[in-house]
Amino acid sequence: MGAILPLIVTVIESLLPIIGGATTGQVFNIIVLLEKIIPTVVQEATDLVQPIQNIIASLSSNSSVTADQIAQLKAQSDALDAALDAIAAQDNVI
């Protein structure tokens, strides 16, 4: 998945302008995809964290997103932040 990971993020990011109008089902599909790629991003492609955070922010502001989906997106965002903090601590950055 590592080689296509940047492509996946780029495709989703290119959809940011229309994500605001995504249906609940479409949001669900994007959340599932994010759940699958976030662990790999954290381990192999930390430069993709900000684009993923942008996707999460865009989805979170969508009026079709349910309360459960908002909770899932918040959990994903928090997991990204925690993973980056752990990497930074491990590398003695913080």
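Caption draft 1: Quick look at the overall build of the protein. Tallying secondary structure elements over the protein gives five helices and zero strands in all. Listing each helix as α and each strand as β along the protein from the N terminus yields α-α-α-α-α. Taken over the C-alpha trace, the protein has a radius of gyration of 13 Å; the compact-globule value for 94 residues is 12 Å, and the two agree within 12%. With the C-alpha coordinates of the protein rotated into their principal frame, the extents come out at 40 × 30 × 20 Å. Expressed as a percentage of the 94 residues in the protein, the buried residues total 36%. Across the protein, the fraction of contacts at a sequence separation of at least 24, relative to all contacts at a separation of at least 6, is 75%. For the protein, the accessible surface area stands at approximately 5300 Å², while carbon and sulfur atoms represent 59% of it.

Caption draft 2: How the structure looks around the side chain of Q53. Residue position: Q53 is located in helix α4 (residues 49-60). The exposure class of Q53 is buried, given its relative accessible area of 14%. Those residues in contact with Q53 that sit more than four places away from it in its chain are S77, L80 and D81.

Caption draft 3: Spatial organisation of the nonpolar core. Counting residues in hydrophobic clusters, the biggest one holds 25 residues, and the most contacted among them are L34, I52 and L59. Among the secondary structure elements, those contributing two or more residues to this core are α1 (5-14), α3 (24-44), α4 and α5 (67-90). The element best represented in this core is α3, accounting for eight residues.

Caption draft 4: Summary view of the pattern of salt bridges. Taken as a whole, this structure holds one salt bridge when the rule is applied. K74 serves as the salt-bridge partner of D78, at 3.1 Å between the closest nitrogen and oxygen. Residue D78 and its partner K74 are located together in helix α5, separated by four residues, close to a single helical turn.

What counts as what
- Residues numbered from 1 in each chain as written.
- Predicted model: local features only at pLDDT ≥ 70, side-chain atom pairs only at ≥ 80, totals over all residues.
- Heavy atoms only, no water.
- Helix = DSSP H or I, 4+ residues; strand = E, 2+ residues; numbered from the N terminus.
- Rg over C-alpha atoms; globule rule 2.2 N^0.38 Å.
- Buried < 20%, exposed > 50% of the residue type's maximum accessible area, 1.4 Å probe, protein only.
- Contact = heavy atoms within 4.5 Å.
- Areas by Shrake-Rupley, 256 points an atom, 1.4 Å probe, with all protein chains shown as cover.
- Core = buried A, V, L, I, M, F, W, Y, C linked by side-chain atoms within 4.5 Å.
- Salt bridge = Lys/Arg side-chain N within 4 Å of Asp/Glu carboxyl O.

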